[in-house]
Amino acid sequence: MKNFQIIILIVFIIGAIVGILVFSGTIPLGDKDNEEGSGGTVVLWGTMKSADIAFAVEDFNRTNNVYNLQYVEKRAETFDQDLLEALASGVGPDLFIISNDLVYKYSNKILTIPYKSYPIAVFKQNFVGAGEVFLNSLGAMAFPLAVDPMVMYYSRSMLDSNNIVYPPETWDQLGALAPVLGRKDESRKILKSAVALGQFSNVRHAKDIMAMLFMQAGNPIVAERSGSFISVLDQSTATYNPEAILEAYTAFANPMKEVYSWNKSLQNSQDAFSAENLVFYFGYATELRSLVEKNPNQNFMVAPMPQIPGSQAKLTFGRVTGVAVSSASKNLNSAFLVASLLSTSNFGGEFAKAMGAAPARRELLTATPEDSYQPVFYSSALIARSWLDPSPIDSNEIFQGMVEKVLSNNLNPSQAIREGSSKLNLLLIR
């Protein structure tokens, strides 16, 4: 038994060394020396349609023919449960595509790649900052493939008709435009809105918008302390406190405020934008296709998300997709090497393209497509950040509760933030 453990340890160390050489470029990708001692079939699970990434999978297998990458398409609605059941029964995949809002949940089922095998400096050199949501104090839980940044879609027609040349660059500028671009009748009923903020249930991506605002103010929401993750949502930063952020957000749904531009009786913000009843819509790069399909005649463009005035660093929210190695894989060495190859080869770029997102690998962002939207998507991917969401459904309820309790005057912003932070801490308890 002892000899068997020693052999396993030696195999893993050899794989780790090869991994370092692959990542550093010492061993060229696809070189036969890299293939020695590993190979075979590696199964990858994901929710993207097989047809959409068939070319990327075929190209990978052709370039790295010592491996046979098999992609298994799963339904997004049941992926979570399917994966948990498969891993529990020992028949799960070697690799699986994972998003930033599921990595915490699966962290105990992922092979964390230690920094000795993949130095943190190499990770940061290779991938955009949003990918760092996959890092913890021990190593990398996944290798980033794509970043779906939040951007500001805006109606050119509505700006032009109001003699506004450029979209706002800061939240202050946006607030100043809210009463100018909005339309209300004599009873203060909203007919057209400048921006969908303040409410929660009918604001698409409300949690992500709020998370972005906290992070723009310097609050990471969740942080690692002594090997454990805790909520820091209620902690103030050098220049902003979270209560002020929540108060500023809810002001857009307060009829007594000048920026009042949204209420819960209005339609979903994405639908309102496509119906040309909303000037600014905060959405993701991957929504471009559906926005065009909803209203092919709509004259809209895209701009970076507004920033806090005077902020030294720009930031937007980003959904990050990566590839993780299952700790239950029966072929860990090959799974580890294939995961590294997927993130450092053409696969990442083709995967992001199929998603409609931006690639997570920095060097792929240097070749910006020449169209009306991609330059903003690519530049936004560079400044995108995310947070370690312990449970997407539960945290959504927490953020919604903060907003609705402030709007109903059940809690003041300070009390709502403290309550929300306490509930987040409960989700983070293992």
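A brief structural summary. (Residues numbered from 1 in each chain as written. Predicted model: local features only at pLDDT ≥ 70, side-chain atom pairs only at ≥ 80, totals over all residues. Heavy atoms only, no water.)

### Thoughts on the pairing of strand β1 (residues 40–46)
Then comes step 1: Of the pairings in the sheet, the one linking β1 to strand β2 (residues 67–73) comprises 7 bridges and is parallel in character. Bridged to Gly-40 within β2 is Tyr-67.
Then comes step 2: Inspection of the sheet shows β1 paired to strand β3 (residues 95–99) by 2 bridges, in the parallel sense. Of the residues in β3, the one forming a bridge with Leu-44 is Leu-95. (Pairing = 2+ DSSP bridges. Helix = DSSP H or I, 4+ residues; strand = E, 2+ residues; numbered from the N terminus.)

### Some points on the nonpolar core
Then comes step 1: One finds Ile-98, Tyr-153, Phe-280 and Phe-282 to be the most contacted residues of the largest nonpolar core, which totals 99 residues.
Then comes step 2: At 8 residues, the largest contribution of residues to this core is made by helix α8 (residues 206–216).
Then comes step 3: Beyond its immediate sequence surroundings of up to four residues, Phe-282 is in contact with Met-150, Val-151, Met-152, Trp-171, Leu-174, Val-195, Leu-197, Arg-204, His-205, Ile-209, Met-305 and Pro-306.
Then comes step 4: One finds Tyr-71, Leu-111, Ala-146 and Leu-337 within the second-largest nonpolar core, a separate group that totals 37 residues. (Core = buried A, V, L, I, M, F, W, Y, C linked by side-chain atoms within 4.5 Å. Buried < 20%, exposed > 50% of the residue type's maximum accessible area, 1.4 Å probe, protein only. Contact = heavy atoms within 4.5 Å.)

### Side note on helix α16 (residues 413–427)
Then comes step 1: End to end, α16 covers 21 Å across 15 residues, agreeing with the expected 21 Å (1.5 Å per residue, within 8%).
Then comes step 2: Of all the residues in α16, the buried ones are Pro-413, Ala-416, Ile-417, Gly-420, Ser-421 and Leu-424. The arc enclosing the buried residues of α16, seen along the axis, measures out at 130°, which places them on a common side.
Then comes step 3: N-capping of α16 is provided by Asn-412, with a side-chain oxygen placed 3.1 Å from the backbone N of Ser-414. (Expected span 1.5 Å × (residues − 1). Arc of directions from axis to C-beta. Polar contact = N/O pair within 3.5 Å; in protein donor to acceptor, adjacent residues only side chain to side chain.)

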